[in-house]
Each structure stands twice: as C-alpha cells, then as structure tokens.
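# Examining the three-dimensional arrangement
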Amino acid sequence: MKYLTPLKLSIYGGMLFSFFMLESPLIMLANRIEPMVMGLPFLLVWNLFWWFALTALFLVAYFTNWGSPEPSAVQATKQL
Amino acid sequence: MTGSLLIIAAFMIIPLMVGVLSARQSQETSEDFFVQGRAMGSIAVFFTVAATWWSAFAFLGSNATFYTNGPVFLTALAWNLLFGFMYYWIGKRVWFLGKRFNYLTPSDLIGDFYNSEALRITVAAITLIFTVPYLQIQLTGGAYLIEVASGGLIPFWLAALLFYFIIIIYVWIGGIRAIAWTDVIYGALLFFGMLYAGYYISTQVGGPTALFSQLQQTSPDHLTMPGPNGTMGYPMWFSLFAITAIGAFMGPQIWLRMYSVKHGKLFNLMPFLLGLAAFAYVGSVLSGYSGVLLEPNVANPDQILPIMLMEYAPYLLASLIMAAGASAAMSTANSQIHAVSTVVTMDIYKRYVNRDANQARIVYIGRLSLVGFSLAAYIMALTVPGVLVTIGIAALAGTAQLIIPTIGAITWKKAHPTAALAGLWAGVACVLLMTFGPLSAPFGYHAGIWGLLLNAALFVGLSHALHRRDTAVVERFTQARYDYDAEYHPERLPAYTQEITNSANHQ
C-alpha cells in the first residue's frame, strides 16, 4: 500500500467502491422497482449509474496512466 | 426470402474474402499463425477481444435470462467491467512475460514459472476440456439463428456445417490475423444488432417506458431479484459476475489476445472500451422483457429473440439482426477453434511428440487441429442438448480455476508448484462434483465460486508451507517483474529494495 501514489490510490479506491456498490450484498437495497427514474425501474437505474461511474473512472485511469508516473517523467526526475 | 438468403450468403462470403486478404500478409511461422507475430494493432485488438468475449451466450442467453429469470443478467454490466479491469491488470503482465519468454499458450507461462510438467499438462487439459462445450454452444446458437433467418430453408445441421467449413477455411489460410480482421466486422454487427433489436422490439409495446410500466402491472417479479421463478437471488448475481468474467478471461482464446498485442499502452485503454461496449446489454434488457409481454409462452427461452424478430420485425431487418447474432457466435467460435488448436499444437505436439518440428510443420499441425476440434464441436452441436447459459456457466467455471496459479505466477515469488497443482485439481473436482455429481453447491452460490475458494485456500496455504528450491527460475521471474515495474509502475521499485533488505536481515 505504501508504494501506491495518491492518485493511484484514489483511482483503485474509486473502482473498488463502484464494484462494491454493484456486486456486494448492498445491491439488495437497490433491488426494487420504485422509485422509477424516467420510467425505468430503480434496480436498472442503479446498475446503469454505477456502470457509467466505473466506465468513466476507467477513462480517467487511462488519461492518468492508471496513477503511475510516466516513464519519461521518472527519467527526467532522475536526470535532475 | 431471397433478401434473407442474400444476407446469409453475404454473412458467409465476407469472412472468406477477409481471410483471403489477410492471408497476403501472413508468414508461415507459428508465431504469426498463432499470435500475429505479437504485432496486433489497437483497433484489431479491441474488436477481436470484444467479439471473442461476447458470444451466443451474450446475444441469445441474455435475452433468455431476462425473459425467464428476471433481472439477474443485469450483473453483466459489472462483469464486463471486471473483464476489462483484468485485461489491464493481469493481461498486461501476461503480455510482458509472453513477449520476454516467447509464450504462446497458458501452459507456457504457468508451466515455465512453476517449472512443472504435471502443471503444464493439467493446464492444457483444463483449457481443452472446458473450452469445447463452450465452443459447442456457439455453433448451436449460430446455426439456430441461420436456420430461423432462412425460414427453415437451411436446416440446423446444414447451418452448423456451413459455420464449420467457413471458419476452417479462413482460419486455415489466415490464422489469428484473419480472425481479428473478421472480428472487426462481427463486433460492429453484434453491438449495433443487440441494441437495435432491443429498441425495435420494445417499440411493439409502446417503447421502453411503456414496457416497464406494463411489466410492473402484469409481471412485477420480472423486475426484481430473485425473479419470477424465485431462484435467481444475490448468490447467483454474484456467481455470474465472478465466474463469467474470470472464466472467459482465462479461456485460451483470450490468452492469445494478450500475447498478440503490439504495445503495452493499449492495455491501459481496454477497460474503458470494453466497459463502454457493455451498454449493448440494454438492448437485451428491452428485448427479453418485451418477450414477457409479447410472447409469454415460448417453450425454449433461448429462441425468444429470433421468434420475436420473425413475428414483429420486417423480414429483412429480422434477418440482418439474426446475422448479427450469428456474428456473436461465429466470432467466438473461430477464436476458440484457433485457440484449442494452438494448445494441441504447442502444448502437446511440439512438447511431447515432435520437439524438433520446424515452423511449417507446426503450422500444418495447427491447421489439422482446427479441423479435428471443429468436427468434435459440430458433432456435439448435433447431439448434445442444453440451454446456452447453463452449459456456458459450467464450462466457464472450469477455466476460471486457472486464475489462481496465474495471479501467483505474475505477482508472488513464493507461489509453489505443488500448491498450484493441488489447488487446480481441487477446484476443478469441486466444479465437476457440484455440477454433475452428487454434491450440491451450498447457499445458492455456483459451484465455480466454491471451486475458486477451495483452489485459493489450498494455493495460499501450501505455498506458505512449502519452499521452492528452483531459485534460478524464481529469480528469473523476479527480474522480469522488476523490469515490468520499472517500465510501467516505477513508483513500486522501492518495494524491491525493501524486499532485498528484508531478505538479508532474515538470513
């Protein structure tokens, strides 16, 4: 854990949390039809919401090199 | 009818043309035939991974599950994300080691790290035994769709035979390159076919909003777990999530798609792309649930989508969407046939029959294996009955067991061959006994989950208890892991210094 960068920790923490909301027994709290959102049952909306959050997080992870320093940045630091 | 037959003909001929075109770039080497010389580009990688991963199980099985068992298949959104995450986290490491040590099969990596022939043979056997049933359901699903789309003019046996011949021809001439190119077409067809089929069919009941409103009135059990039959609660929700993603990811066809990648950077993007593609399951939600209102008494739920298409969509549109479904089957079947032929050629023929085989001979044996396994799958498609999802999950539960020794090989220097072997055997035995034998899986979780737990417990426990003597192998992999982290995760390098310090203090 101590070798994770803060950014990496945030990204992986966010992913773990999103998976937890989708796949832990907590999903049974969302296992209902009402309240419907835009005509869709609540369970479907819950799944779509966390699917969207996690997919967006994967995109953030891509743009930030999954929280790891770019090799070029590391080399530049070493040269300094 | 003529239009439908033309669509089916195009569906059969286009892959052949693509195969011939791709063969122009092929070289007669095993590395080119099996992993495209480890130089597959980003577009091909995404489409071939997505199309291979999405199968008849996704196209037909998803609709059938919403239709019969309610919302449990919604967990597919999460299992796609898990699959994407594993492709990045595990796949990139497997790719790196594959490139460094010239691996082509799962047995290559696991057998090399654990330095064990018994483990190598076990892994090869698991990949072969559990991939063939999954291959059979692809042929069954695809052939059924062609039969329906042709209005019965092409019977099931002939449709499956056509599948078999076409796959053999283009894989024979183009290897994995031909598969990847055809998968670009199949993948696009599959994605839009699933979404459009769902949307179109739901318009027959007034659109998505009206669909859910009517379902809430007439069959509310379909909208919440455990579904109308009362059998698909949380345990199955979690089991499907874990087993489907891990089992498919550990299939030999996906291993080849890790080894084939040209640049490591591509792995970083794949979770996002694969996650995004999962939106197509919304189409399955709509078509499966529409079936509950429109066709409530279909005997074989796997047929609900084709039946509704033929009943409610214009004939040409129905044929086109069914061709998309057949694409799902074809794109998985071609990859599986190619992958099992790779395992037979490299793990059995090259290692135990003819160690000195030249490149041309290896490719030739690979092609012969294509024919053999396609034939086996064809015979099974004609003779073994079964529901797509049931057979699919049982097969995936078997290959899922490989995840434990794989994670050990890429991350843990203490991972012990005896522990890996004991864990694998126990995990597979657990799956078989609980699926086909006298034991029943406790608490409603699938046998594959219990297999994984037993497998992991034995693996970790025995690895802590035993000590490896082949330090040269362990050090070779430690060095490779260090090089991997130096290139992609430089923030982890102090961990290695700490490890050396701890080891010195311990001594």
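One numbering rule holds for all chains: residues counted from 1, following each sequence as written. As a convention, the first chain written is A and the first ligand written is 1, with the rest following in written order. Where local features are concerned, this predicted model is filtered to residues with pLDDT of at least 70; where side-chain atom pairs are given and counted, the filter is 80 or more; whole-chain, interface and lining totals use all residues.

### Structural notes on the overall build of chain B
If you tally the helices and strands in chain B, you get 23 helices and zero strands. Taking 23 Å as the expected radius of gyration for a compact globule of 507 residues, we find that chain B reaches 23 Å, a close match to that expectation. Across the 507 residues in chain B, those meeting the buried criterion constitute 60%. Pairs at least 24 apart in sequence give 84% of the contacts found in chain B among residues at least 6 apart. A run of H or I in DSSP counts as a helix once it spans at least four residues, and a run of E counts as a strand once it spans at least two, with each numbered from the N terminus. Radius of gyration: C-alpha atoms only; globule rule: 2.2 Å multiplied by the number of residues to the exponent 0.38. With C-beta atoms placed from the backbone, the exposure class of a residue follows from how many other C-beta atoms lie within 10 Å of its own: 20 or more, buried; 12 or fewer, exposed; in between, partly exposed. The contact rule is simple: place each C-beta atom from the backbone, and if two of them lie within 7 Å, those residues are in contact.

### A short note on the overall build of chain A
Along its length, chain A carries three helices and zero strands. For chain A, the sequential pattern of α-helices and β-strands runs α-α-α. Across the 80 residues that make up chain A, the buried fraction comes to 25%.

### A short note on the interface of chain A and chain B
Residue-level contacts link 30 residues of chain A with 36 residues of chain B. Residue assignment for the side of chain A that touches chain B shows that the elements contributing at least two residues are α1 (6–23), α2 (42–63) and α3 (71–79) of chain A. Split into classes, the residues belonging to the side of chain A that touches chain B amount to 21 nonpolar, seven polar and two charged. When residues are sorted by character, Ala, Val, Leu, Ile, Met, Phe, Trp, Tyr, Cys and Pro go into the nonpolar class, Asp, Glu, Lys and Arg into the charged class, and all the rest, Gly among them, into the polar class.

### Examining the packing of helix α5 (residues 76–89) of chain B against helix α11 (residues 234–249) of chain B
Residues and elements named next belong to chain B. For every element, the axis is a line fit to its C-alpha atoms; helices are fit only across the contacting stretch, and the angle between N-to-C directions ranges from 0 to 180 degrees. The N-to-C vectors of α5 and α11 enclose an angle of 40 degrees; their axes lie 9 Å apart at closest approach. Helix-helix and strand crossings are classified by hand; for α5 and α11 the assignment is right-handed. Across the interface between the two elements, A78, W79, L82, F83 and M86 from α5 touch L240, F241, T244, A245, A248 and F249 from α11. The hand of a helix crossing depends on one turn: near helix anticlockwise from the far one by less than a right angle means left-handed, and clockwise means right-handed.

### Structural notes on unusual backbone geometry
For the bond from E34(A) to P35(A), the omega torsion is 0 degrees, close enough to zero to count as cis. Position of P35(A) relative to the elements: it lies in the loop between α1 and α2. Cis geometry marks the peptide bond from M225(B) to P226(B), where omega comes out at 10 degrees. Positive phi is not limited to glycine here, since M38(A) has a value of about 50 degrees. Residue position: M38(A) is located in the loop between α1 and α2.

### A word on the environment of T478(B)
Residue and element names in this part refer to chain B. Of note, T478 is situated in helix α22 (residues 471–488). According to the C-beta neighbour criterion, T478 is partly exposed, with 14 such atoms within 10 Å. Considering only alpha carbons, one finds T478 and G451, 27 residues apart in sequence, at a separation of 29 Å.

### Describing the nonpolar core
All names here are of chain B. Counting residues in each nonpolar core, the largest one holds 201 residues, and the members touching the most others are F83, F163, L190, A245 and A323. Among the elements that line this core, the one with the most residues is helix α9 (residues 156–203), at 22 residues. When neighbours within four sequence positions are excluded, F163 is seen to be in contact with L139, G142, A143, M330 and A333. Only buried Ala, Val, Leu, Ile, Met, Phe, Trp, Tyr and Cys residues enter a nonpolar core, and they are joined through C-beta atoms within 7 Å.

### Quick notes on the packing of helix α6 (residues 91–101) of chain B against helix α12 (residues 252–259) of chain B
Residue and element names in this part refer to chain B. The contact between α6 and α12 brings their axes to 8 Å, and the two run at 65 degrees. In terms of their interaxial angle, α6 and α12 are classed as roughly perpendicular. Remark: the crossing between α6 and α12 carries right-handed chirality. Contacts between α6 and α12 pair G91, V94, W95 and G98 from the former with W255, M258 and Y259 from the latter. The labels follow the angle: roughly parallel below 35 degrees, roughly antiparallel above 145, roughly perpendicular from 65 to 115, and oblique for the rest.

### Some words on the confidence of the model for chain A
The predictor's confidence in any single residue is recorded as pLDDT, a number from 0 to 100. Model confidence for chain A is summarised by a mean pLDDT of 89, while 85% of its residues fall at 70 or above. Here α3(A) is the element of chain A with the lowest mean pLDDT, 54, and α2(A) is the one with the highest, 97.

### A closer look at the environment of G39(A)
Within the secondary structure, G39(A) is located in the loop between α1 and α2. Once residues within four sequence positions are removed from consideration, G39(A) is found in contact with P208(B), T209(B), F212(B) and S213(B).

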